[in-house]
Protein chains: 2
Amino acid sequence: MNVIDTQSPRERAMRDLTSDTITDAVISTMRDTEDARVAEILESLVRHLHAFVRDVGLTEEEWARGVDFLTRTGQMCTSTRQEFILLSDVLGITMLVDSLSNRRPTETTQNSVLGPFFREDRPHHADAADISGGLPGTPLFFEGRVVNRAGAPVADAAVDVWHSDGDGHYDVEVSGQADPAMRALFRTDETGHFGFRSIRPSSYPIPGDGPVGELLGATGRSLMRPAHVHLLIEAEGFQRVTTMLFPSDDSYLDTDPVFGVKESLITSYDTYEAGAGPCRELTDEPYTVLRHTFVLEPRPADSPG
Amino acid sequence: MNVIDTQSPRERAMRDLTSDTITDAVISTMRDTEDARVAEILESLVRHLHAFVRDVGLTEEEWARGVDFLTRTGQMCTSTRQEFILLSDVLGITMLVDSLSNRRPTETTQNSVLGPFFREDRPHHADAADISGGLPGTPLFFEGRVVNRAGAPVADAAVDVWHSDGDGHYDVEVSGQADPAMRALFRTDETGHFGFRSIRPSSYPIPGDGPVGELLGATGRSLMRPAHVHLLIEAEGFQRVTTMLFPSDDSYLDTDPVFGVKESLITSYDTYEAGAGPCRELTDEPYTVLRHTFVLEPRPADSPG
């Protein structure tokens, strides 16, 4: 075969690849990658994916099932459903990326997952507004404070809040609910305070009718997330916080399918008899009060936040 | 917090997960997986994906780009386009799985990738049929023989053949070509022989208008595959062979983006002046003759093939 004699050793290395040689061969084809970070990520990805295939001795049938699973995961995605983020969530990848990106001292408020239900088109509400959109449920009074590590108030912080109703549905999932509800953007006052009235959220299953539901079913895992209120807090000079608060009496705190629960984010959702609420609003039914202080970490110099 | 005091250590281990603890936590949630093989595959997959994220310190922005890439890859798939298989091909995963599944002695015919263009609805042709479908191109005469390792003919082997035209297009890509062309299923005769007439295929780019094209562009890789004729051979008592034959004078043998080239699959596509073809067919233009002997490996007892 005089064909190969005219080739360089590097080029000849691209033929007759075996399970021992193919990984380095694939990486060598990417030697002209312009962006050094892209090259670093792809080399590591190829090494780990190949090691996975070798470690388990993946068969052709198993490979075909994997291709089918990934294809259906992509095709399940729409403008209101992101099945690949859900897959990342249930494999713990989302919280792993978060924990690497947001290492903050334990005395500051910790991050949790953003989730798929944040919306840009939410109302900007004044303090103490009712954001329930008139939806039925147990009244919830939320009293929040944003401070720095010394306990001094952080004024004019932007605080996004969003949560589900008592059946575990977000506004986009409630039929007939066209307008945003159970979500709003607030600004803290001079004392670092923000507050609102809404309805109490409940625990709920993540969507189980797609490939991620199949995966959790096959592995005997629960779809149920503990109840929570999402918050996203941004303030000049501080690191952004994406977080959520869980009720301490929730049954699903230790089986959260997206691995987002932190002790410091478990709080008391205190329930009171009907009467005057914390800001003297009258209620004719029992209500819940949720109070929490959020502690922000300064943004390092030269960091985009 | 008396909540945690009532929990078992295993359950408590599901809170406050860090980059050091989340991998084992995710794997522990799958302890009730019924199918032991599914459990083995998922544990290895989670360990390798997490190690990748940790090794490169994947940022939230990079994670979001990855999610977007995978989503678009799934959404590019149709009944005639499988972008996830193409992604597996260009990352060397398809050939890695093949090399693990099909370890055969070097003196037998080696496997290569199946590719996305095999079709079940192909004609069953008698020996020496013209399968070009009347499409224009350099005439190709193919003379094949199927034997066992002792050189004895394998009669009645099913031989599938499919290939592109001189512009690198398969029948499904040729506009106005509704019927199958450049593909057929043959049976070897008593001497192990099969043969047909068609047109000579050319090198061609894999589809570059999707996420895989972006990936190859970003890494400076070529889209061009060397020309080839695909073959899939099945015979009673032998291992199935999925393979292809490349012309020895092709410019892209050492840069195949799907890593499918093997020395033993590079063969001479001999070209002759116009005149009488190998089976005395008259041609009024130059033509190519491709001759190859395929050596099958016996199927092990109790193996499905």
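Residues numbered from 1 in each chain as written. Chains lettered and ligands numbered in written order. Predicted model: local features only at pLDDT ≥ 70, side-chain atom pairs only at ≥ 80, totals over all residues. Heavy atoms only, no water.

Looking at an unreviewed UniProt entry, chain A carries the name Intradiol ring-cleavage dioxygenase, with the source organism given as Streptomyces rhizosphaericus. Chain A has a UniProt comment under Sequence similarities (unreviewed entry) that states "Belongs to the intradiol ring-cleavage dioxygenase family." Recorded under Cofactor (unreviewed entry), the UniProt text for chain A is reproduced unchanged: "Fe(3+)". (UniProt positions renumbered as here; feature names shortened; annotations may be inferred.)

Participant: What is the right way to look at the overall build of chain A in this model?
Facilitator: The helix and strand tally for chain A stands at 8 helices and 14 strands. Seen along its three principal axes, the alpha-carbon backbone of chain A occupies a region of about 95 × 45 × 35 Å. Taking all 305 residues of chain A together, 53% fall into the buried category. Within chain A, contacts between residues separated by at least 24 positions form 67% of all contacts whose residues are at least 6 apart in sequence. (Helix = DSSP H or I, 4+ residues; strand = E, 2+ residues; numbered from the N terminus. Buried < 20%, exposed > 50% of the residue type's maximum accessible area, 1.4 Å probe, protein only. Contact = heavy atoms within 4.5 Å.)

Participant: Got a minute to help me understand the packing of aromatic side chains in this structure?
Facilitator: The geometry of an aromatic ring pair comes down to the distance between the two centres and the angle between the two planes. Residue and element names in this part refer to chain A. Summed over the entire model, instances satisfying the criterion amount to 21 aromatic pairs over all chains. Aromatic pair Phe142 and Phe196: ring centres 5.0 Å apart, planes at 15 degrees, arrangement stacked. Within this pair, whereas Phe142 is found in strand 2 (residues 139-147), its partner Phe196 is found in strand 5 (residues 193-199), the two being separated by 54 residues in sequence. Each member of the pair, Phe142 as well as Phe196, carries the same accessibility label: buried. Judged by centre distance (5.2 Å) and plane angle (15 degrees), the ring pair of Phe186 and Phe196 falls under stacked. (Phe/Tyr/Trp six-rings, centres within 6.5 Å; stacked < 30°, edge-to-face > 60°.)

Participant: Got a minute to help me understand the interface of chain A and chain B in this structure?
Facilitator: In many reports, interface size means the accessible area that the parts give up when they come together. The partner chain B presents 81 residues to the 80 residues of chain A that form the contact. Here chain A and chain B share an interface that buries about 7,200 Å² over both sides, 64% of which is from carbon and sulfur atoms. The closest approach of N and O atoms between Asp254 of chain A and Arg15 of chain B, which form a salt bridge, is 2.8 Å. Of all elements in the fold, only helix 1 (2-5), helix 2 (9-12), helix 3 (22-28), helix 4 (36-56), helix 5 (60-75), helix 6 (83-90), helix 7 (93-101) and helix 8 (211-218) of chain A reach the threshold of two or more residues within the side of chain A that touches chain B. Looking at the side of chain A that touches chain B element by element, the count peaks at 16 residues for helix 4 of chain A. Here the side of chain A that touches chain B is composed, by residue class, of 38 nonpolar, 23 polar and 19 charged. (Buried area = accessible area lost by both parts, 1.4 Å probe. Salt bridge = Lys/Arg side-chain N within 4 Å of Asp/Glu carboxyl O. Nonpolar A, V, L, I, M, F, W, Y, C, P; charged D, E, K, R; others polar.)

Participant: How should helix 7 (residues 93-101) of chain B be read in this particular structure?
Facilitator: Because the α-helix completes a turn every 3.6 residues, residues three or four places apart line up on one side. Across the 9 residues of helix 7 of chain B, 8 count as buried, placing the element largely inside the fold. Among the residues of helix 7 of chain B, those classed as buried are Ile93, Thr94, Met95, Leu96, Val97, Asp98, Ser99 and Leu100 of chain B.

Participant: Looking at this structure, how should I read empty space enclosed by the protein?
Facilitator: Using a probe with the size of a water molecule, rolled over the atoms, empty space left in the structure can be pinpointed. Residues and elements named next belong to chain B. Per the counting criterion, the structure on display carries 1 cavity of 30 Å³ or more. Its volume calculated, the largest cavity comes out at about 120 Å³. Every residue lining the largest cavity is counted, 16 residues in all, and those nearest its centre are Pro116, Phe117, Tyr204, Ile206 and Arg225. At the level of secondary structure, the elements contributing two or more residues to the lining of the largest cavity comprise helix 6 (83-90) and strand 6 (204-205). Classifying every residue of the lining of the largest cavity by side-chain character gives 10 nonpolar, 3 polar and 3 charged. (1 Å grid on protein atoms, 1.4 Å probe; cavity = no way out; pocket = protein on both sides within 12 Å on 5 of 7 lines; lining within 4 Å. Points joined across faces, edges and corners; volume = space filled by probe spheres on them.)

Participant: So what exactly am I meant to see when it comes to the UniProt feature "domain: Intradiol ring-cleavage dioxygenases" (unreviewed entry) in chain A here?
Facilitator: Here the UniProt feature "domain: Intradiol ring-cleavage dioxygenases" (unreviewed entry) sits at residues 142-170 of chain A. Across residues 142-170 of chain A one finds 0% helix and 41% strand; the C-alpha atoms that close the span lie 18 Å apart.

Participant: Looking at this model, I keep getting lost on the packing of helix 6 of chain A against helix 5 (residues 60-75) of chain B. Mind explaining?
Facilitator: What describes two packed helices is the angle between their axes and the distance between those same axes. Helix 5 of chain B packs onto helix 6 of chain A with a crossing angle of 125 degrees between their chain directions and a minimal axis gap of 9 Å. The orientation of helix 6 of chain A relative to helix 5 of chain B falls into the category oblique. For the pair helix 6 of chain A and helix 5 of chain B, the crossing hand works out as right-handed. Taking contact as the criterion, the partners of Phe84, Ile85 and Ser88 of chain A in helix 6 of chain A are, on helix 5 of chain B, Trp63, Val67, Leu70 and Thr71 of chain B. Here the contact of helix 6 of chain A with helix 5 of chain B is composed, by residue class, of 5 nonpolar, 2 polar and no charged. (Axes fitted to C-alpha atoms, helices over the stretch in contact; angles between N-to-C directions. Parallel < 35°, antiparallel > 145°, perpendicular 65-115°, else oblique. Left-handed = near helix turned anticlockwise from the far one by under 90°.)

Participant: Looking at this structure, how should I read the sheet that holds strand 14 (residues 287-295) of chain A?
Facilitator: Each strand in a sheet pairs with another by means of backbone hydrogen bonds, the pair being arranged parallel or else antiparallel. Residues and elements named next belong to chain A. Pairing is mixed across the open sheet formed by 5 strands, whose spatial order is 1-5-2-14-11. In the strand order of this sheet, the two ends are held by strand 1 (129-130) and strand 11 (270-272), each with one partner. As judged from the 3 bridges shared by strand 11 and strand 14, these two strands associate in the antiparallel manner. Following the sheet pairing, Asp270 is matched in strand 14 by Val289. (Pairing = 2+ DSSP bridges.)

Participant: Looking at this structure, how should I read the confidence of the model for chain A?
Facilitator: Here chain A shows a mean pLDDT of 91. Residues at 70 or above account for 92%. Long-range and interchain partners of residues 1-5 of chain A, a stretch whose pLDDT sits below 50, account for 7 contacts in this model, where long-range means more than four residues apart. (pLDDT = per-residue confidence, 0-100.)

Participant: Would you explain the relation of the copies chain A and chain B in this entry?
Facilitator: When chain A is fitted onto chain B, the two copies agree to an RMSD of 0.0 Å after a turn of 180 degrees and an axial shift of 0.0 Å. Taken together, the rotation and translation relating the two chain copies correspond to the operation of a two-fold axis. Every residue of chain A has its C-alpha some distance from the rotation axis, and the shortest such distance is that of Gly74 of chain A, at 2.0 Å. (Least-squares fit on C-alpha atoms with pLDDT ≥ 70 in both.)

Participant: Looking at this structure, I do not really get the pairing of strand 4 (residues 183-187) of chain B. What am I missing?
Facilitator: Residue and element names in this part refer to chain B. For strand 4, a buried count of 4 out of 5 residues is recorded, marking the element as mostly surrounded by other parts of the structure. For strand 3 (residues 158-163) and strand 4, the ladder comprises 5 bridges, and the chain directions are antiparallel. The partner of Ala158 across the bridge, within strand 4, is Arg187.

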